[in-house]
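Fold and geometry: a report
Take a look at the letters that make up each chain.
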Amino acid sequence: MNWDDESAPATTNGLSDAAGQAGAERLVGAAADGEDQAVEAALRPKDLAEFVGQERVREQLDLVLRAARRRGGTADHVLLSGAPGLGKTTLSMIIAAEMGAPIRITSGPAIQHAGDLAAILSSLTEGEVLFLDEIHRMSRPAEEMLYMAMEDFRVDVIVGKGPGATAIPLELPPFTLVGATTRVGLLPPPLRDRFGFTGHMEFYEPSELERVIHRSARLLDVAIEPDGAAEIAGRSRGTPRIANRLLRRVRDYAQVKADGIITREIAAAALGVYEVDARGLDRLDRAVLDALLRLFGGGPVGLSTLAVAVGEERETVEEVAEPFLVREGLLARTPRGRIATPAAWVHLGLTPPQHGGGGPGQQGLFGA
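Below you will find a few notes about this structure. All residue numbers refer to position in the chain's written sequence, counted from 1. Totals for whole chains, interfaces and linings use all residues, but because this is a predicted model, local features are given only for residues with pLDDT of at least 70 and pairs of side-chain atoms are given and counted only at 80 or more. Neither water nor hydrogens contribute to the side-chain values; these are computed over all heavy atoms in the structure.

**Overview of the overall build of the protein**
- Regarding its fold elements, the protein presents 16 helices and 11 strands.
- Buried, partly exposed and exposed residues are distinguished by accessible area as a fraction of the type maximum, computed with a 1.4 Å probe on protein chains only: under 20%, between the cut-offs, and over 50%, respectively. The burial tally for the protein puts 46% of its 368 residues in the buried class.
- The criterion used for residue contact is that any of the two residues' heavy atoms lie within 4.5 Å. Taking contacts inside the protein between residues at least 6 apart in sequence as the whole, the part at least 24 apart equals 72%.
- When the accessible surface of the protein is summed, it comes to about 17100 Å², and 53% of that surface belongs to carbon and sulfur atoms. Here a helix means four or more residues in a row that DSSP labels H or I, a strand means two or more in a row labelled E, and each is numbered from the N terminus. In these tables, accessible area is a Shrake-Rupley quantity obtained with a 1.4 Å probe, and a residue counts as shielded only by the protein chains included in the view.

Written as structure tokens, this is what we have:
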């Protein structure tokens, strides 16, 4: 086993500071920056019928909301899990719209004390939807307070300290909690069990992303041809947020370099300028693969060694580049280190070595 290949301790937010900053700067990163948030607010669908993709989750959620409306009560608590950029925030807003209720938006990192949560819960109105993003990052005391609030619509507010402390019960109006998480495994079972409906958001198929792109293009007043939408969709990593971001960059290129109409050729040329290739890989992804193939003969090689070779932080390679490369079947994590798959050699147009992997300096180390 490579000692420099052992996993680093998991962070509570899923990304280290270095990895988070690197991910936010990437055109194909799933994290939302200020511009993304502003544009997404204008592009978000307003009801389930308008929401594209996630057919199974939409159908199940529609039944939950319809039943709640017929009963004249609040909807069950909802937990949405999945990668960033797939529509969890959008669905939470749709839930509120479908129920004709206001929505309160906050996040796990913003709730560091039980008192923070108590202040939010006590100000909710009957039927209001509370959207709690990154729910897995809440503090433990706040989590424990949330158990009772979700189940009994009541919280106990502790007044005083030590032996003289007293618990004052506070009744809450019925509300619907919508929790969103990218790491559902970090939620404690007692919290997961209190959600009446759990939906897992899947990555989108290219055909679904084409529909997203056409809809966004209409709202942005951008002329786009079907083959242009298909070209952008194929490079969007199965994520609507990335598709909308690439659409905006291609729109800029089409308006400056062409007649403003997005065709396949224009889309390909624009994304070539931004170094996003036909499979959605960007400069960092290709740098990792190129080092793995050219310098280490396809591996196996340790994570720290690979990070040094590409001039990036270990966490950036592990948390930002590797997940997509593994999902695309271009890279594999093994106990002996990172190895490239045959598809990686094909994608970069290189010929694998005849000895079957383990480049110079690796044969003696691993006995390959």
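**Re the nonpolar core**
- Residues Leu61, Leu91, Ile213, Ile224, Ile232 and Ile262 are the most contacted members of the largest nonpolar core, which totals 48 residues.
- Take this core: its biggest share by element is 6 residues, from helix H10 (residues 240-257).
- If we ignore the near neighbours within four places in the chain, the residues touching Leu61 are Leu48, Val78, Leu91, Ile95 and Phe197.
- Counting residues in each nonpolar core, the second largest holds 24 residues, with Ile120, Leu124, Ala142 and Met145 among its members. Side-chain atoms within 4.5 Å are what join buried Ala, Val, Leu, Ile, Met, Phe, Trp, Tyr and Cys residues into a set we call a nonpolar core.

**A look at the packing of aromatic side chains**
- Aromatic rings from Phe, Tyr and Trp, with only the six-membered ring used for Trp, were paired whenever their centres fell within 6.5 Å, and each pair was classed as stacked if the ring planes differed by under 30 degrees, edge-to-face if by over 60, and tilted otherwise. With the rule as written, the count across this model stands at 1 aromatic pair.
- A centroid spacing of 5.5 Å and a plane angle of 80 degrees characterise the contact between Phe153 and Phe175, whose relative ring orientation is edge-to-face. In this pair, Phe153 is assigned in the loop between helix H6 (140-152) and strand E4 (154-159) and Phe175 in the loop between strand E5 (166-171) and strand E6 (176-181), connecting sequence segments 22 residues apart.
- Here Phe175 falls in the buried class, since its relative accessible area comes to 1%.

**Observations concerning the sheet that holds strand E7 (residues 197-200)**
- Pairing between strands is defined by DSSP: at least two bridges between the two strands are required. Spatially, the 5 strands line up as an open sheet ordered E2-E3-E6-E1-E7, and their pairing is parallel. With partners counted over all chains shown, the strands left at the sheet margins are strand E2 (103-107) and E7, one partner each. Neighbour-to-neighbour, the strand axes of this sheet turn through a mean angle of 15 degrees, independent of strand direction.
- Contacting strand E1 (78-81) and E7, helix H3 (residues 55-71) crosses the sheet at an angle of about 160 degrees to E7. To obtain each axis, a line is fitted to C-alpha atoms, and for helices this fit is confined to the stretch in contact; angles are then taken between N-to-C directions over 0 to 180 degrees.

**Concerning unusual backbone geometry**
- Residue Gly299 is joined to Pro300 through a cis peptide bond whose omega torsion reads 10 degrees.
- As for its placement among the helices and strands, Pro300 is situated in the loop between helix H12 (283-295) and helix H13 (303-310).
- Unusually for a residue other than glycine, Gln54 sits at a positive phi of about 55 degrees.
- In this structure, Gln54 sits in the loop between helix H2 (34-43) and H3.
- Its identity as a non-glycine residue notwithstanding, Phe153 has a phi of 50 degrees, on the positive side.

**Some thoughts on a nonpolar patch on the surface**
- Patch membership requires over 30% relative accessible area and the absence of a salt bridge. Like charges are linked within 9 Å, and nonpolar side chains (Val, Leu, Ile, Met, Phe, Trp, Tyr) within 5 Å. Think of a salt bridge as a Lys or Arg side-chain nitrogen and an Asp or Glu carboxyl oxygen that are within 4 Å of each other. A cluster of nonpolar side chains, contributed by Val157, Ile168 and Leu170, occupies part of the molecular surface with about 200 Å² of accessible area.
- For Leu170, the location among the structural elements is in strand E5.
- Take Leu170: its relative accessible area is 31%, and that puts it in the partly exposed class.

**Points about H3**
- The terminal C-alpha atoms of H3 lie 25 Å apart, and with 17 residues this matches the ideal 24 Å at 1.5 Å per residue to within 8%.
- For H3, the secondary structure elements touched by its buried residues are E1, helix H4 (88-98) and E7. Between the first and last residue of a helix there are one fewer steps than residues, each counted as 1.5 Å, and that sum is the expected span.

**Structural notes on the pairing of E2**
- Bridge count between E2 and strand E3 (residues 129-133): 5 bridges; the pairing is parallel. From the neighbouring strand, Arg104 faces E3, where its bridge partner is Leu130.
- By convention, a crossover is right-handed whenever its connection, traced from the first strand over the helix to the second and viewed with the strands pointing away, goes clockwise. In this fold, the crossover linking E2 to E3 by way of helix H5 (residues 114-122) has right-handed handedness.

**Regarding the environment of Val326**
- Tracing the backbone through its elements, the reader meets Val326 in helix H14 (residues 314-327).
- Taking C-alpha positions, Val326 is 9.5 Å from Thr341, a pair spaced 15 residues apart along the chain.
- Every residue in contact with Val326, bar those within four places of it in the chain, is listed here: Leu331 and Arg333.

**Brief notes about the pairing of E6**
- Across the 6 residues that make up E6, a large majority, 6, are buried.
- Side chains Thr176, Val178 and Ala180 project from E6 onto one buried face, and the interleaved Leu177, Gly179 and Thr181 project onto a second face that is buried too.
- Two elements, E1 and E6, share 4 bridges in a ladder whose sense is parallel. Bridge pairing in E6 links Leu80 to Ala180.
- Inspection of the sheet shows E3 paired to E6 by 4 bridges, in the parallel sense.

**Side note on the packing of H12 against H14**
- As a packed pair, H12 and H14 sit with axes 10 Å apart at the nearest point and diverge in direction by 90 degrees. In this view, H12 runs roughly perpendicular relative to H14, as classed from their interaxial angle. Of the residues in H14, those in contact with Leu284, Asp285, Val288 and Leu289 of H12 are Thr316, Val317, Val320, Ala321, Phe324 and Leu325.
- Residues of the contact of H12 with H14, tallied by class, amount to 8 nonpolar, 1 polar and 1 charged. The labels follow the angle: roughly parallel below 35 degrees, roughly antiparallel above 145, roughly perpendicular from 65 to 115, and oblique for the rest. Note on residue classes: Ala, Val, Leu, Ile, Met, Phe, Trp, Tyr, Cys and Pro are nonpolar, Asp, Glu, Lys and Arg are charged, and everything else, Gly too, is polar.

**A few points about H12**
- Helix length check: H12, at 13 residues, gives a terminal C-alpha distance of 17 Å against a target of 18 Å (1.5 Å per residue), a fit within 8%.
- Buried within H12 are the following residues: Leu284, Asp285, Val288, Leu289, Ala291, Leu292 and Leu293.
- Residues of H12 that are buried make contact with H13, H14, strand E10 (331-334), strand E11 (337-340) and helix H15 (342-347).
- Capping the start of H12 is the job of one residue whose side-chain oxygen sits 3.3 Å from the backbone nitrogen of Leu284: Asp282.
- Within two residues after H12, Gly297 carries a phi angle of roughly 60 degrees, on the positive side. A 3.5 Å cut-off defines polar contacts: any pair of N or O atoms within that distance qualifies, except that in protein one atom must be a possible hydrogen donor and the other a possible acceptor, and neighbouring residues in sequence count only when both atoms are side-chain atoms.

None of this, on its own, says anything about what the molecule does.
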